[in-house]
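# Fold and contact review
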Amino acid sequence: LSSRPFVLLAVCLFVLTIALSLYVWQLRRSAAAVSPTLNTPRAVAPPGTGPAKPATLWVAYDNPGALRTTSVSLPLSSERQRRAAELLRALLNIYGAKDSPHRLPPTAEIHSVYFVDPGLVVIDVNSALADGQTSGVLAEELTVVSFVQTLTANQPDILRVKILVDGRARGTLAGHADLSGVYDVSQVSSLAKQLSSQ
Amino acid sequence: MRWNSSAYPQGRFVLGCSITILVASLLAFSQSSPNPTLSPAPSAPAPNPQPVLVVIDPAHGGSDPGALLTPESPEKEITLAVARRLRQELGARGITAQLVRDSDATLSLDQRAAIANSAYPLLYVAIHASSLGSGLRVFTAMIPAAGENRGPFLNWDAAQGPFLERSRAAQQQLVTAIQKTRFPVRVLMAPLRPLNNLKVPALAIEISPTTGNASQVAATGYQQMICAALANAIASMAPSSTVRAELQP
């Protein structure tokens, strides 16, 4: 007589365990159904939808290893982070073209640009850009300086720039240009003068 | 109240130990610290002047091939070949050269900087090679933002800071000497490690073809011509007492 409640309790616990197991299994199935969408490639950001505005691009030329400024008119967002990314994508459009003056792969992409006040900008590029970059001291510094100068020419409140690859810090761009530190805009500007004098 | 030493044997022991340690420390300090009265006068001429030492760093190596200039010529092999030739050319001009690596060894950038810093050379020269551009590029360091030295402590990322003026002087003299040979050469800064980690005058040299054909950089004759020009330029800097004074760390 005294063992009957224990048997009932054991049966209830057994049923509860089975029910919880089924529930967890169902949760894992639904999570697995959702996760592939997280791993799919990001859609390329749409071109700027704002009104066309004048902008200055610092374009790298492998021959003769120099930088030149180009005035363009681009549809640019009024939000500064999106605007910065749009400016860099305009550069990548030039570098990814067939007759590119400074070859970068067409798959090169700017993931995003973050502003961390005061004055720090973080550029997050994809690994296709870094891996497809021509390796060399001059070749890599042309890319870095053209990015930094293009941003500062259009948004003068930038003081320092950090470059990430796929959201992570990387030692060099393609074996030479140092990405471990933060670029001082005034020093990059001095280097840009040297590169423009060629 | 009188001090009763027999009542405090532990106290006597501690006192004795303390005096012994104090005397030993004073003796050790007096032997290790430089004594200005015993050291030779700084103005006295050294009987055998130190040979001029240049540290040459063939970039990349081992698991890091560097740029692939041609399918058969990774950058690491070209930089090592050029470094060995430059060492030979400098030796022929009475200048001692030490290679950071003399084999296909993998060295980190920090290891390269440590080797060069501990050698106290007159000049550090890193060798790179590229298919882009034409002729030679001579680079000095570009110190990263927020890299500043505080008091006697050098920020590792800005260790080159106090030596940057001397590096630029060396860069200018090297380029001026090479320009006399009418070989194309450019003066630039570069965000290139380990230049900013060096506490000696430091330059990086990137060799590129003049014909637009990357295989020229791997050619023995082209490397020999560049090394001879570089060795002449470095040698023209080394004998001058004023240059030595400027460059000496």
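Residues numbered from 1 in each chain as written. Chains lettered and ligands numbered in written order. Predicted model: local features only at pLDDT ≥ 70, side-chain atom pairs only at ≥ 80, totals over all residues. Heavy atoms only, no water.

## As for the overall build of chain A
Going by this rule: Put simply, DSSP H or I for four residues or longer makes a helix, DSSP E for two residues or longer makes a strand, and each gets a number counted from the N terminus. Only the C-alpha atoms count toward the radius of gyration. The rule for a globule is 2.2 Å times the residue count to the power 0.38. Three exposure classes are used, based on accessible area relative to the maximum for each residue type with a 1.4 Å probe and protein chains only: buried under 20%, partly exposed in between, and exposed over 50%.
If you tally the helices and strands in chain A, you get 6 helices and 6 strands. In terms of C-alpha radius of gyration, chain A reaches 26 Å, well past the compact-globule figure of 16 Å for 198 residues. Overall size of chain A, expressed as C-alpha extent along the three principal axes, is 100 × 40 × 35 Å. Looking at chain A as a whole, 43% of its 198 residues are labelled buried.

## Some words on the interface of chain B and chain A
Interfaces are often sized by the accessible area lost when the parts come together. Stated formally: It only takes one pair of heavy atoms within 4.5 Å for two residues to be counted as in contact. Note on terms: buried area is the combined drop in 1.4 Å-probe accessible area of two parts once they are placed together, counting the loss on both. Any carboxyl oxygen of Asp or Glu that lies within 4 Å of a side-chain nitrogen of Lys or Arg is treated as forming a salt bridge with it. The definition of a polar contact used here is a pair of N or O atoms within 3.5 Å, where within protein one atom must be able to donate a hydrogen and the other to accept one, and adjacent residues in sequence count solely through side-chain atom pairs. Asp, Glu, Lys and Arg are counted as charged, while Ala, Val, Leu, Ile, Met, Phe, Trp, Tyr, Cys and Pro are counted as nonpolar; the rest, among them Gly, fall into the polar class.
Each side of the interface is counted separately: chain B has 22 residues, and chain A has 26 residues. With both chains or domains summed, chain B and chain A bury close to 2000 Å², and 63% of this area falls on carbon and sulfur atoms. Interface area lost by chain B to chain A is led by Leu132, Arg186 and Pro191 of chain B, which between them contribute 30%. Our count for the chain B to chain A interface comes out at 0 salt bridges. Viewed at the interface, chain A and chain B are joined by 10 residue pairs in polar contact (both at pLDDT 80 or more). Secondary-structure elements contributing two or more residues to the side of chain B that touches chain A are β6 (135-141) and β7 (185-190) of chain B. Of the residues forming the side of chain B that touches chain A, the biggest block, 5 residues, is contributed by β7 of chain B. Partitioned by chemical class, the residues of the side of chain B that touches chain A number 13 nonpolar, 4 polar and 5 charged.

## Side note on the packing of aromatic side chains
Residue and element names in this part refer to chain B. We count it as follows: What counts as a ring pair is set by centres within 6.5 Å for rings of Phe, Tyr and Trp (its six-membered ring), and what kind of pair is set by the plane angle: stacked under 30 degrees, edge-to-face over 60, tilted for all other angles.
The final tally for this structure, using the stated rule, is 1 aromatic pair over all chains. When the ring of phenylalanine 183 is compared with that of tyrosine 222, the centres are 6.1 Å apart and the planes differ by 45°; the resulting orientation is tilted. Separated by 39 residues along the polypeptide, phenylalanine 183 in the loop between α4 (164-179) and β7 and tyrosine 222 in helix α6 (residues 220-237) bring together distant segments of the chain. Just as phenylalanine 183 is buried, tyrosine 222 falls in that class too.

## Concerning the sheet that holds strand β5 (residues 123-129) of chain B
Residues and elements named next belong to chain B. The condition that has to hold: For two strands to count as paired, DSSP must find a minimum of two bridges between them. Only the stretch in contact is used when a helix axis is fitted, and all axes are lines through C-alpha atoms; the angle between N-to-C directions ranges over 0 to 180 degrees.
The sheet built from 6 strands is open, its strands ordered β4-β1-β5-β8-β6-β7 with mixed pairing. In the strand order of this sheet, the two ends are held by β4 (96-99) and β7, each with one partner. In this sheet, neighbouring strand axes are inclined to one another by 25° on average, regardless of whether the strands run parallel or antiparallel. Pairing between β6 and strand β8 (residues 202-208): 5 bridges, direction antiparallel. Paired with leucine 136 across the two strands is isoleucine 207, which belongs to β8. With respect to the sheet, α6 is in contact with β1 (53-58), β5, β6 and β8, its orientation differing from that of β8 by roughly 155°.

## What about the packing of helix α2 (residues 75-92) of chain B against α6 of chain B?
Residue and element names in this part refer to chain B. Quick reminder of the rule: Roughly parallel refers to an angle under 35 degrees, roughly antiparallel to one over 145, roughly perpendicular to one between 65 and 115, and oblique to any angle outside these ranges. Crossings are classed by handedness, with left-handed meaning an anticlockwise turn of the near helix from the far one by less than a right angle and right-handed meaning a clockwise turn.
For the pair α2 and α6, the least separation of the axes is 9 Å and the interaxial angle reads 45°. Viewed along their axes, α2 and α6 adopt a mutual orientation that is oblique. Both α2 and α6 take part in a crossing whose hand is right-handed. Together, Ile78, Ala81, Val82, Arg85, Leu86, Glu89 and Leu90 of α2 and Thr220, Gln223, Gln224, Cys227, Ala228, Leu230, Ala231 and Ile234 of α6 make up the contact between the two elements. In the contact of α2 with α6, the residues fall into 10 nonpolar, 3 polar and 2 charged.

## Quick look at the nonpolar core
Using the following cut-off: By nonpolar core is meant a set of buried Ala, Val, Leu, Ile, Met, Phe, Trp, Tyr and Cys residues that side-chain atoms within 4.5 Å join together.
In this structure, Ile123, Phe147 and Tyr183 of chain A together with Tyr124 of chain B are the most contacted members of the largest nonpolar core, which totals 72 residues. A total of 9 residues in this core trace back to one element, the largest contributor, which is helix α5 (residues 137-154) of chain A. Counting 43 residues, the second-largest nonpolar core is a separate cluster that includes Leu69, Ala83, Leu90 and Ala129 of chain B.

## Some points on unusual backbone geometry
Backbone torsion omega between asparagine 63 of chain A and proline 64 of chain A reads 20°, so that peptide bond is classified as cis. Topologically, proline 64 of chain A is positioned in the loop between β1 (52-61) and β2 (66-75). In this structure, proline 194 of chain B follows arginine 193 of chain B across a cis peptide bond, with omega equal to 10°. In this fold, proline 194 of chain B is placed in the loop between β7 and β8. With a phi angle near 50°, aspartate 166 of chain A is a residue other than glycine that sits in the positive phi range. Among the structural elements, aspartate 166 of chain A can be located in the loop between β5 (160-165) and β6 (183-184).

## Some words on a nonpolar patch on the surface
Where we set the bar: Patches in this entry comprise residues that are over 30% relatively accessible and not in a salt bridge; like charges within 9 Å are linked, as are nonpolar side chains (Val, Leu, Ile, Met, Phe, Trp, Tyr) within 5 Å. Each accessible area value is a Shrake-Rupley result obtained with a 1.4 Å probe; residue values ignore everything except the protein chains displayed when judging cover.
On the surface, a cluster of nonpolar side chains totalling about 720 Å² of accessible area is made up of Val7, Val11, Phe14, Val15, Ile18, Leu22 and Trp25 of chain A. Mapped onto the elements of the fold, valine 7 of chain A is located in helix α1 (residues 4-34).

## A look at the pattern of salt bridges
Residues and elements named next belong to chain B. Here the structure, examined in full by the defined rule, presents 11 salt bridges over all chains. With a shortest N-O distance of 2.9 Å, arginine 84 and aspartate 102 are connected by a salt bridge. You can see arginine 84 sitting in helix α2 and its partner aspartate 102 sitting in the loop between β4 and α3 (109-119), a full 18 residues away along the chain. By relative accessible area, arginine 84 is classed as partly exposed at 36%. Residue classification places aspartate 102 among the partly exposed positions, given a relative accessible area of 37%. A salt bridge links arginine 87 to aspartate 102; its shortest N-O distance comes to 3.2 Å. With a gap of 15 residues between them, arginine 87 in helix α2 and aspartate 102 in the loop between β4 and α3 connect regions that are remote in the sequence. Residues participating in the shared-partner salt-bridge network are Arg84, Arg87 and Asp102.

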